[in-house]
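# What the coordinates show
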Amino acid sequence: MNYKINKEYVLDTAKKILEFDSPTGFCFDIMKFIEEIAIGFDYKFERTNKGCGIITIEGQEEGKVIGLAAHVDTLGAMVRSITNNGTLKFTLLGGPIPATLDSEYCKIRTREGKIYTGTFLSTSPAAHVYEDAKDKKRTSENMEVRIDEKVLSKRDVEALGICPGDFIFIDPKTTITESGFIKSRFIDDKGSVAALMGLLELFNREKITPRYKTKIFISTYEEVGHGASYIPQDITEMIAVDMGCIGEDLTCTEYDVSICAKDSGGPYDYNMVTDLVNLAKENNIKYAIDIYPMYGSDVGAALRGGNDIRGALIGPGVHASHGMERTHYEGLENTIKLLVAYLTK
């Protein structure tokens, strides 16, 4: 496998995708961007009723249809209530680590589309005022959003058009370093989505046709558990392309493609995992095999949804998941290489 992956395209696409605001349930703008990429490379794009995207790559042979699933929805927050002093209480979307939100910038989007900026803060935000400023537990109950407008009361906030149910977008603070590190919130799973777009670019540029028809399923509700609960019924096996975990008792690094043998939903398909491991070895792809007990994927959602498929999970190693995450270009590149090997074997 001597195909040259377009590093500049992958990193540029990753940056663009990461800078979209797309908390779970609000993926309209980013999905339009994904559609434009797919159509630009001459691939068919469809949407499901709940807003997921399906990109179809025709294959050389019949016999099965391979699905690749990644998600553009991210963690986020939503206005829960407005306090009497003009701040916002919030409810979390998915599982961000609340302590990492303290002092982070955000945007509040009203139903009418108005955008206001703000900051997540502890309810004891000032060291010169509150004795518990340093040690108060950072939870959504002990935090609020300070709005960058002249508001002193609940009525002032309501006059801006802000109300419960409005989305709160967390600033991803995306940075790509000269050494190839991608630092940002929401690399889970936008790093993998960028890798899949890099795969499309490679297939289009090199005129590569996979052995079997392949459908890339871009889900929009993965962070709340039902992203790929529906998938096209002709898919017979699916690889979730999602972040690999890094930390205690794990072997994955930011430079590897992670091959997950088991997560909270149980073991992945033994034969698919074995094929992926062997392909990584044969093609000198840097990989790691790990078990993730506090993890779920779109393959798990598809299986719980009753789909008769085999499933596997791979993805670039990502450090500090659900906080200020980081990966490296090499992790994305190795993920793309393993997908190419699998789809063309």
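As a starting point, this report considers the structure included with it. (Residues numbered from 1 in each chain as written. Predicted model: local features only at pLDDT ≥ 70, side-chain atom pairs only at ≥ 80, totals over all residues. Heavy atoms only, no water.)

This next bit is on the packing of helix α1 (residues 7-18) against helix α7 (residues 329-344). The N-to-C vectors of α1 and α7 enclose an angle of 110 degrees; their axes lie 11 Å apart at closest approach. Compared by their axis directions, α1 and α7 come out roughly perpendicular. Note on packing geometry: the crossing formed by α1 with α7 is right-handed. Mapping the contact onto sequence places K7, V10 and L11 in α1 and Y329, L332 and I336 in α7. Counted by class, the contact of α1 with α7 contains five nonpolar, no polar and one charged residues. (Axes fitted to C-alpha atoms, helices over the stretch in contact; angles between N-to-C directions. Helix = DSSP H or I, 4+ residues; strand = E, 2+ residues; numbered from the N terminus. Parallel < 35°, antiparallel > 145°, perpendicular 65-115°, else oblique. Left-handed = near helix turned anticlockwise from the far one by under 90°. Contact = heavy atoms within 4.5 Å. Nonpolar A, V, L, I, M, F, W, Y, C, P; charged D, E, K, R; others polar.)

Bringing the layout of surface pockets into the picture now. Its boundaries defined by the atoms lining it, the largest pocket holds a volume of some 510 Å³. Contributing to the lining of the largest pocket are 28 residues, with C245, M294, Y295, G296 and H322 lying nearest its centre. For the lining of the largest pocket, the secondary-structure elements that each account for two or more residues are β17 (287-292) and α6 (298-304). Per-element accounting of the lining of the largest pocket gives the leading share, three residues, to α6. Of the residues contributing to the lining of the largest pocket, the split by class is 10 nonpolar, 10 polar and eight charged. (1 Å grid on protein atoms, 1.4 Å probe; cavity = no way out; pocket = protein on both sides within 12 Å on 5 of 7 lines; lining within 4 Å. Points joined across faces, edges and corners; volume = space filled by probe spheres on them.)

For the rest of this paragraph, the subject is the environment of F120. Within the fold, F120 resides in strand β7 (residues 115-122). F120 sits in the buried class, given a relative accessible area of 0%. Placed 42 residues apart in sequence, F120 and M78 show a C-alpha to C-alpha distance of 12 Å. Excluding anything up to four places from it in sequence, F120 contacts A77, F90, L101, D102, S103, E104, C106, M143, E144, V145, I168 and I170. (Buried < 20%, exposed > 50% of the residue type's maximum accessible area, 1.4 Å probe, protein only.)

On to the environment of D156, then. Within the fold, D156 resides in helix α3 (residues 154-159). Given a relative accessible area of 30%, D156 falls into the partly exposed group. Each C-alpha atom, one on D156 and one on H71, is 37 Å from the other, the two residues being 85 residues apart in sequence. Leaving out residues up to four positions away in the same chain, D156 has contacts with K150 and V151. In terms of polar contacts, D156 uses its side chain to reach the backbone amide nitrogen of L152, at 2.9 Å. (Polar contact = N/O pair within 3.5 Å; in protein donor to acceptor, adjacent residues only side chain to side chain.)

Over the atoms rolls a probe the size of a water molecule, and its path tells where empty space is left. Evaluated as defined, the whole model comprises two cavities of 30 Å³ or more. In this model, the largest cavity occupies a volume close to 50 Å³. Per element, the largest residue contribution to the lining of the largest cavity is three residues, and it comes from strand β9 (residues 167-170). Of the residues in the lining of the largest cavity, the class split is seven nonpolar, three polar and two charged. Taken as a whole, the second largest cavity spans an internal volume of roughly 40 Å³. Together, L75, P96, L101, I170, R185, F186, H322, G323 and E325 line the second largest cavity. Tallied by class, the residues present in the lining of the second largest cavity amount to five nonpolar, two polar and two charged.

Here we take up the sheet that holds strand β19 (residues 325-328). Spatial strand order, β10-β11-β19: three strands in an open sheet with antiparallel pairing. Each end of this open sheet is capped by a strand with a single partner; those strands are β10 (175-176) and β19. Along the sheet face, helix α4 (residues 187-206) touches β11 (181-184) and β19 and points at about 25 degrees away from the line of β19. Across the face of the sheet, α7 comes into contact with β11 and β19 while running at roughly 60 degrees to β19. (Pairing = 2+ DSSP bridges.)

This part is about the nonpolar core. Among the nonpolar cores identified, the biggest contains 83 residues, and I34, L68 and L196 are the most heavily contacted of them. Top contributing element to this core by residue count: α4, with 10 residues. Beyond its immediate chain neighbours, meaning those up to four positions away, L68 contacts L196, L199, T214, K215, I216, F217, M238, I239, V241, L339 and L343. (Core = buried A, V, L, I, M, F, W, Y, C linked by side-chain atoms within 4.5 Å.)

Our next topic: the pairing of strand β6 (residues 105-109). Residues C106 and I108 of β6 are buried on one face, while the alternating residues Y105, K107 and R109, pointing to the opposite face, are not. By the bridge criterion, five bridges tie β6 to β7 in an arrangement that is antiparallel. Residue K107 lies in a different strand from β7, and its bridge partner there is T117. Here β6 folds back onto β7 in antiparallel fashion, the turn holding five residues, of which G113 has a positive phi close to 95 degrees. As defined by bridge partners, β6 adjoins β9 across four bridges and the pair is classed as antiparallel.

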